[in-house]
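One-letter residues, chain by chain:
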Amino acid sequence: MSAAQKPQIVFVLGAPGSGKGTICKNIVENYKFIHLSAGDLLREEQNTEGSEHGDMIKEYIKLGKIVPVEITCGLLKKAIEKSGASRFLVDGFPRNQNNLDGWEKVMSQCVDVKFVLFLDCSEEVCTERCLNRGAQGSGRTDDNLDSLKKRFNTYSNETMPIIKYYEGKGMVERVDSNRTLPEIFEDIKKIFTPFISQS
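Sequence positions are assigned chain by chain, starting from 1 and proceeding in written order. pLDDT decides what is reported in this predicted model: residues at 70 or higher carry local features, side-chain atom pairs at 80 or more are listed and counted, and totals for whole chains, interfaces and linings draw on all residues regardless. To get the side-chain values, take all heavy atoms of the structure and skip hydrogens and water.

The name that an unreviewed UniProt entry assigns to the chain is UMP-CMP kinase, with the source organism given as Thrips palmi. UniProt positions are given in the numbering used here, feature names are shortened, and annotations may be inferred rather than shown by experiment. If you open the UniProt record of the chain and go to Sequence similarities (unreviewed entry), you find "Belongs to the adenylate kinase family. UMP-CMP kinase subfamily." Turning to the chain, the UniProt record has this under Function (unreviewed entry): "Catalyzes the phosphorylation of pyrimidine nucleoside monophosphates at the expense of ATP. Plays an important role in de novo pyrimidine nucleotide biosynthesis. Has preference for UMP and CMP as phosphate acceptors."

Here's what the structure looks like:
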């Protein structure tokens, strides 16, 4: 299979509340990507009647811990194959070294990772957004101060080294996401318009 035929992947990483879901939605509308959220796939799986991993996923999410990579990679792979599309935003993954190793093992041969979109946002802004989201009835069990503290810890200790790893390979596009959506999207356009025209 030539590289041109492999599905093209852009990882979207950032702290909880950095705007990953919202930004991805806008990229999908403007640039015809398929958005795959690792978190959404896991939440969907945990609510699927008779899922063999449902209870375990629920427990991990509640504790702000990262679900075992085999499960997440399996769900992502299934979603990519099922869609038959060629461009994907993979949001909230890989979140730690174990995720990265698992991805390399399971996926590196069948997809082509183009770059990492890093939404850089302060903890204060992220916390405020998540608490607002929770107050507006997001239905997410982890949009509360207790879970958020754990999630930020996990993010700093486990996800930041992954972003640094990709930075070392010259594969990170950093966007300041403390700002309003239109401001953020101006920067997104500068990254995605040339990318689309080249690919």
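I would appreciate a short explanation of the overall build of the chain in the present structure.
If you tally the helices and strands in the chain, you get eight helices and five strands. The way it works is that DSSP assigns letters per residue, a run of H or I at least four long becomes a helix, a run of E at least two long becomes a strand, and they are numbered from the N terminus. The order of helices and strands in the chain, counted from the N terminus, is β-α-β-α-α-α-β-α-β-α-α-β-α. Counting only residues that meet the buried cut, the chain has 46% of its 199 residues in that class. Every residue pair with non-hydrogen atoms within 4.5 Å of one another is taken to be in contact. Looking at the chain alone, contacts between residues at least 24 apart form 78% of all its contacts between residues at least 6 apart. Residue exposure ignores everything except the shown protein chains as possible cover, and the areas themselves are Shrake-Rupley values with a 1.4 Å probe. Surface summary for the chain: the accessible area is close to 10400 Å², and the carbon and sulfur share equals 49%. The buried label applies to any residue whose accessible area, calculated with a 1.4 Å probe on protein chains only, is under 20% of its type's maximum; exposed applies above 50%, and partly exposed to all values in between.

Teacher, can you tell me more about the UniProt feature "binding site: a ribonucleoside 5'-phosphate" (unreviewed entry) in the chain here?
With numbering matched to this structure, UniProt assigns "binding site: a ribonucleoside 5'-phosphate" (unreviewed entry) to Arg43, Lys65, Ile66, Val67, Gly92, Phe93, Pro94, Arg95, Arg140 and Arg151. Lining residues of the largest pocket drawn from the annotated set just named are Arg43, Lys65, Ile66, Val67, Gly92, Phe93, Arg95, Arg140 and Arg151. Relative to the elements of secondary structure, lysine 65 occurs in the loop between helix 3 (54-62) and helix 4 (69-83). Among the residues examined, lysine 65 registers a relative accessible area of 46% and is labelled partly exposed. Relative to the helices and strands, arginine 151 is located in helix 7 (residues 145-168). Ignoring anything within four residues of it in the chain, the contact list for arginine 151 reads Pro16, Gly64, Arg133, Arg140, Asp142 and Asp143. In this analysis a 1.4 Å probe is tested at points of a 1 Å grid over the protein atoms alone, and where it fits but cannot get out there is a cavity; an open set with protein on both sides within 12 Å along at least five of seven lines is a pocket; lining residues have an atom within 4 Å of a point.

I'm lost on the UniProt feature "binding site: CMP" (unreviewed entry) in the chain in this one. Help?
In the numbering adopted here, UniProt assigns the feature "binding site: CMP" (unreviewed entry) to Asn99. Positionally, asparagine 99 belongs in helix 5 (residues 97-107). For asparagine 99, the contacting residues outside a window of four places in its chain are Ile66, Val67, Val69, Phe93 and Pro94. A polar side-chain atom of asparagine 99 sits 2.8 Å from the main-chain amide nitrogen of arginine 95. We call two N or O atoms a polar contact when they sit within 3.5 Å, provided that within protein one can donate a hydrogen and the other can accept it, with sequence-adjacent residues counted only if both atoms are side-chain atoms.

I'm lost on unusual backbone geometry in this one. Help?
In terms of backbone geometry, most residues other than glycine have negative phi values and most peptide bonds are trans. Between phenylalanine 93 and proline 94 the backbone carries a cis peptide bond, its omega angle lying at -5°. By secondary structure assignment, the location of proline 94 is in the loop between strand 3 (87-91) and helix 5. Non-glycine residue lysine 32 carries a positive phi angle of around 60°. Relative to the assigned elements, lysine 32 resides in the loop between helix 1 (20-31) and strand 2 (34-37).

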